[in-house]
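Chain by chain, the residues:
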Amino acid sequence: MNNVENIKKKKWFYRNGLSVCFILLFLITLGAQAVTGWKVHNSELEDLHTAAVPFSTYLCSGHFISATFENFESEFLQMALYVMLTISLRQIGSAESKKIEGKEAVDREPTPSPAAPWPVKKGGWILKIYSNSLSILFVILFLFSWGLHFYGSWQDHNVARGIKGEVRQTVMAYIGEADFWFETFQNWQSEFLSVASIVIFTIFLRQKGSPESKPVDAPNLETGK
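Participant: Explain the overall build of the chain to me, using residue names and the numbers behind them.
Facilitator: Along its length, the chain carries 9 helices and 0 strands. The secondary structure elements of the chain, listed N-terminal to C-terminal, are α-α-α-α-α-α-α-α-α. For 225 residues, the compact-globule estimate of 2.2 N^0.38 gives 17 Å, and the chain exceeds it by more than 25% at 23 Å. Each of the three principal axes of the chain carries a C-alpha extent, and together these read 70 × 40 × 40 Å. Considering the chain as a whole, with its 225 residues, one finds that 28% of them fall into the buried category. Summarising the internal contacts of the chain: among those between residues at least 6 apart in sequence, 55% fall at separations of at least 24. For the chain, the computed accessible surface area is about 15,300 Å², with 68% contributed by carbon and sulfur atoms.

Participant: Tell me about the confidence of the model for the chain, residues and numbers included.
Facilitator: Averaged over all residues, the pLDDT of the chain equals 91, while 96% of them reach at least 70. At the low end of the mean pLDDT range in the chain sits helix α1 (residues 3–9), at 65; at the high end sits helix α3 (residues 55–58), at 96.

Participant: Got a sec to walk through unusual backbone geometry? Specific residues and values, please.
Facilitator: Unlike most non-glycine residues, H49 shows phi in positive territory, near 60 degrees. With respect to the helices and strands, H49 occurs in the loop between α2 (12–47) and α3. Using a relative accessible area of 76% as the deciding quantity, one classes H49 as exposed.

Participant: Give a detailed account of the pattern of salt bridges, specifying residues and quantitative values.
Facilitator: Under the counting rule described, the total for this entry stands at 2 salt bridges. We note a salt bridge from K98 to D107, for which the minimum N-O separation is 2.8 Å. By relative accessible area, D107 is classed as partly exposed at 28%. A salt bridge links E166 to R161, with the nearest nitrogen and oxygen atoms 3.6 Å apart. A residue is classified by how much of its surface remains accessible, and R161, at 21% relative accessible area, is partly exposed.

Participant: I'd like a rundown of a nonpolar patch on the surface, residues and numbers included.
Facilitator: A cluster of nonpolar side chains, namely I23, L24, F26, L27 and I28, defines an oily patch on the protein surface of about 490 Å² accessible area. Along the chain, L24 falls in helix α2.

Participant: I'd like a rundown of helix α9 (residues 178–204), residues and numbers included.
Facilitator: Quick reminder: α-helices carry 3.6 residues per turn. Residues three or four places apart thus point the same way. In this model, α9 (27 residues) spans 39 Å end to end at C-alpha, consistent with the 39 Å of a helix rising 1.5 Å per residue. Taken residue by residue, α9 has F180, E183, T184, N187, W188, E191, V199, T202 and I203 as its buried positions. Here the buried face of α9 lies against α4 (62–88), α7 (133–163) and α8 (171–174).

Participant: Outline the packing of α4 against α9, supporting the account with residue identities and numerical values.
Facilitator: With their axes 9 Å apart at the nearest point, α4 and α9 run at an angle of 40 degrees to one another. With respect to α9, the axis of α4 lies oblique. In this structure, the crossing between α4 and α9 has a hand that is right-handed. Residues S66, E70, N71, E73, S74, E75, L77, Q78, L81 and Y82 of α4 form the contact with α9, whose own contacting residues are E183, T184, Q186, N187, W188, E191, F192, S194, V195 and V199. When the residues that make up the contact of α4 with α9 are grouped by side-chain class, the tally is 7 nonpolar, 8 polar and 5 charged.

Participant: Can you tell me about the packing of α2 against α4, naming the residues and giving the values?
Facilitator: Closest axis-to-axis distance for the α2/α4 pair is 10 Å, and the angle between their directions is 140 degrees. One way to sum up the angle between α2 and α4 is to call them oblique. The element α2 and its partner α4 pack so that their crossing is right-handed. Of the residues in α4, those in contact with F26, L30, Q33, A34, G37, H41 and E44 of α2 are H63, F64, A67, T68 and F72. When its residues are assigned to classes, the contact of α2 with α4 shows 6 nonpolar, 5 polar and 1 charged.

Participant: An account of the packing of aromatic side chains is needed here, citing residue identities and associated values.
Facilitator: This model, assessed by the stated rule, comprises 17 aromatic pairs. Seen from their ring centres, F69 and F144 are 6.2 Å apart, and the 85 degrees between their planes marks the pair as edge-to-face. One end of the pair, F69, is in helix α4; the other, F144, is in helix α7, and 75 residues separate them in sequence. A residue is classified by how much of its surface remains accessible, and F144, at 51% relative accessible area, is exposed. Between the aromatic rings of W146 and F150, the centroid separation amounts to 5.8 Å while the plane-to-plane angle is 10 degrees, which identifies the pairing as stacked. Of this pair, W146 and F150 both sit in helix α7, 4 residues apart, which is roughly one turn of the helix. You can call F150 buried: its relative accessible area is 9%. Within the aromatic cluster, the residues linked to one another by ring pairs are F142, W146, F150, Y174, F180, W181, F185 and W188. One cation-aromatic arrangement involves R168 over W154; the distance from NZ or CZ to the ring centre is 5.5 Å.

The rules behind the values
In this convention, every chain numbers its residues from 1, walking through the sequence in written order. Note on the predicted model: pLDDT of at least 70 is required for a residue's local features to be given, and 80 or more for side-chain atom pairs to be given and counted; whole-chain, interface and lining totals, by contrast, use all residues. Computation of side-chain values: all heavy atoms of the structure, hydrogens and water removed. What counts as a helix is a DSSP run of H or I of at least four residues, what counts as a strand is a run of E of at least two, and both are numbered from the N terminus. Put simply, the radius of gyration uses C-alpha atoms, and a globule should come to 2.2 Å times the residue count raised to 0.38. Exposure is judged per residue with a 1.4 Å probe applied to protein chains only, and the accessible area is read against the type maximum: over 50% gives exposed, under 20% gives buried, and values in between give partly exposed. Any two residues having at least one pair of non-hydrogen atoms within 4.5 Å are treated as being in contact. A 1.4 Å probe and the Shrake-Rupley method give the accessible areas. Residues count as covered only by the protein chains that appear here. What pLDDT expresses is the predictor's confidence in each residue, scored from 0 to 100. When a carboxyl oxygen of Asp or Glu is within 4 Å of a side-chain nitrogen of Lys or Arg, the pair counts as a salt bridge. Only residues whose relative accessible area exceeds 30% and that form no salt bridge enter a patch; like-charged residues are grouped when within 9 Å of one another, and nonpolar side chains (Val, Leu, Ile, Met, Phe, Trp, Tyr) when within 5 Å. How far a helix is expected to stretch is found by multiplying one less than its residue total by 1.5 Å. Only the contacting stretch of a helix is used when fitting its axis, a line to C-alpha atoms as for every element, and angles between N-to-C directions run 0 to 180 degrees. What sets the label is the angle itself: under 35 degrees gives roughly parallel, over 145 gives roughly antiparallel, 65 to 115 gives roughly perpendicular, and the rest give oblique. Here is the rule for handedness: rotate from the far helix to the near one, and if that takes an anticlockwise turn smaller than a right angle the crossing is left-handed, while a clockwise turn gives right-handed. Classification convention: Asp, Glu, Lys, Arg as charged; Ala, Val, Leu, Ile, Met, Phe, Trp, Tyr, Cys, Pro as nonpolar; all other residues, Gly among them, as polar. In this scheme Phe, Tyr and Trp rings, the latter by its six-membered ring, pair at centre separations within 6.5 Å, and the angle between planes marks the pair as stacked below 30 degrees, edge-to-face above 60, and tilted otherwise. A positively charged side chain is recorded as over a ring if its NZ (Lys) or CZ (Arg) lies within 6 Å of the ring centre. The angle to the ring normal must also be within 35 degrees.

And the structure:
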């Protein structure tokens, strides 16, 4: 019995537990964010002597859209930069870096085989796109999330202005507002710090059993997994 057949004999959750766990955590915390955000938003409306909104209305509001995609945006930016910068940049001793010298398995040219993904067998421009599909997807998700973050913030900003009896701001006027860029940069800097932390901390620290760590007995200057 080959390795693929052995893997298929494992229970479905055993084979997919990591993704299932994080998706469940995502859905639970997104739901918690929605409920608590709804209460916060209605509290703010009450302070402005404005009627509260039902939960279904809140889910389509700028307040919820902005808060949600503001976080998505920074995560996808982090992953896009991480995937692309680790192609050519190195950090000696880090488990998150390629080795300082020499080629690695991820650098080899793709070779068609029966088990290879279909774009590898197809070749040409399809293979070219597939060879960079991870970074392409993260960039698209970042831009999409940034756009919705901006849209939500703009709508929420104009709702607040409308309650105060002020004129709505145009998209071009709002894009220069410090409030929007404050929301943006406070999330971006936290993502850059988290990536820098795992890159640097894996030089000196270990976690037995984790693929994000070097082996416990590996020298500090050993680079890569």
